[in-house]
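Chain by chain, the residues:
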Amino acid sequence: MKLRFLGGVCEGGLAFRCLRSNICLGVNVMGAKMADAVRLCCAECGQMNRVPLARLASGPKCGVCGAALLDGRVMELDAAVHDKMIGGAARGDDLPLIVDYWAAWCGPCRMMAPEFAKAAREMAPGIRFAKLDTEAHQAVAQRAGIRGIPALILYHRGREVARLSGARPAADIVAFVRSHVGAQTGPGVG
Ligand SMILES: [Zn+2]
């Protein structure tokens, strides 16, 4: 994971850019003060963590439970953590999150899983990838308005940015994220 510091300018105010995903990391730099850290919600315990930018690419861990906050792997969410990472409580969370709503009985979901994992590795650490089992957590899927699976929803600062349905190859998933996060990571968003 290589990051390049851009001295605070990246498409209108971001501190640096992930060289691999070529995506500006969503550091909110409201006003003149440049952010020196990002806030990330832990996918394991739901704790909000503050991670200095300089440590973002070196495997930051949750201060409470020790789980990796960003390691390029697809994180498994349960209902409680899903609700912490999405919605009002996640307003302060700085990096985009894409969730794959899936189920074990769904053939296309199983087909897409390795593609989703590949996209996750490609876009780390700028974008977090997670999945939610819609069979085990039906109420969550219902609240998210999931009608068919697999369905991908891209979130930023707790709000839905866009959704994509059907099984997709990794390249489509990466293109989908890139087409939406650019506009969402500038200053003044959220
Ligand atoms: Zn944790």
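Provided above is the structure to which this section pertains.
Attention here is on the structure that accompanies the text. (Residues numbered from 1 in each chain as written. Predicted model: local features only at pLDDT ≥ 70, side-chain atom pairs only at ≥ 80, totals over all residues.)

In terms of regular secondary structure, the chain is built from 4 helices and 10 strands. Mapped from its N terminus to its C terminus, the chain presents α and β elements in the order β-β-β-β-β-β-α-β-α-β-α-β-β-α. Evaluated residue by residue, the chain yields a buried proportion of 41% over its 190 residues. (Helix = DSSP H or I, 4+ residues; strand = E, 2+ residues; numbered from the N terminus. Buried ≥ 20, exposed ≤ 12 C-beta atoms within 10 Å, placed from the backbone.)

Let us now look at the pairing of strand β9 (residues 151-156). Across the 6 residues that make up β9, a large majority, 6, are buried. Here β9 shows two buried faces, one formed by Ala151, Ile153 and Tyr155 and the other by Leu152, Leu154 and His156. Relative to β9, strand β7 (residues 97-102) runs antiparallel, the two being bridged by 5 bridges. Note on β9: the bridge partner recorded for Asp100 is Leu152. Pairing between β9 and strand β10 (residues 159-165): 6 bridges, direction antiparallel. For Ala151, the partnering residue across the bridge sits in β10 and is Ser165. Counting the residues in the hairpin turn of β9 and β10 gives 2 residues, including Arg157, whose phi is positive at 50 degrees. (Pairing = 2+ DSSP bridges.)

In this section: the sheet that holds β10. The strands that make up a sheet are held in pairs by hydrogen bonds between backbone atoms, and each pair lies either parallel or antiparallel. Across the sheet, 5 strands lie side by side as β6-β8-β7-β9-β10; this open sheet has mixed pairing. What marks the edges here is a single partner per strand, and that holds for β6 (75-77) and β10. With strand direction ignored, the average angle separating the axes of adjacent strands in the sheet is 30 degrees. (Axes fitted to C-alpha atoms, helices over the stretch in contact; angles between N-to-C directions.)

Here we come to the environment of Tyr155. Here Tyr155 is to be found in strand β9. Apart from the residues within four sequence positions on either side, Tyr155 is in contact with Ile86, Pro96, Leu97, Val99, Glu160 and Val161. (Contact = placed C-beta atoms within 7 Å.)

Here we come to the nonpolar core. Core analysis: the biggest nonpolar cluster contains 47 residues, and Val99, Tyr101 and Ala130 have the highest contact counts within it. No other element matches the 6 residues that helix α2 (residues 107-123) contributes to this core. With residues up to four places along the chain from it excluded, the contact list for Tyr101 reads Leu132, Thr134, Ala141, Ala144, Ile146, Ile149, Pro150 and Ala151. (Core = buried A, V, L, I, M, F, W, Y, C linked by C-beta atoms within 7 Å.)

Let us now look at the pairing of β7. With 6 of 6 residues buried, β7 lies mostly within the body of the structure. Neither face of β7 is exposed, since Leu97, Val99 and Tyr101 on one face and Ile98, Asp100 and Trp102 on the opposite face are all buried. Looking at chain direction, β7 and strand β8 (residues 128-133) are connected through 6 bridges and run parallel. From the neighbouring strand, Ile98 faces β8, where its bridge partner is Phe129. Each parallel crossover has a hand, and for β7 linked through α2 to β8 it is right-handed. (Right-handed = clockwise from strand over helix to strand, strands pointing away.)

None of the figures reported here should be taken as evidence of function without further support.
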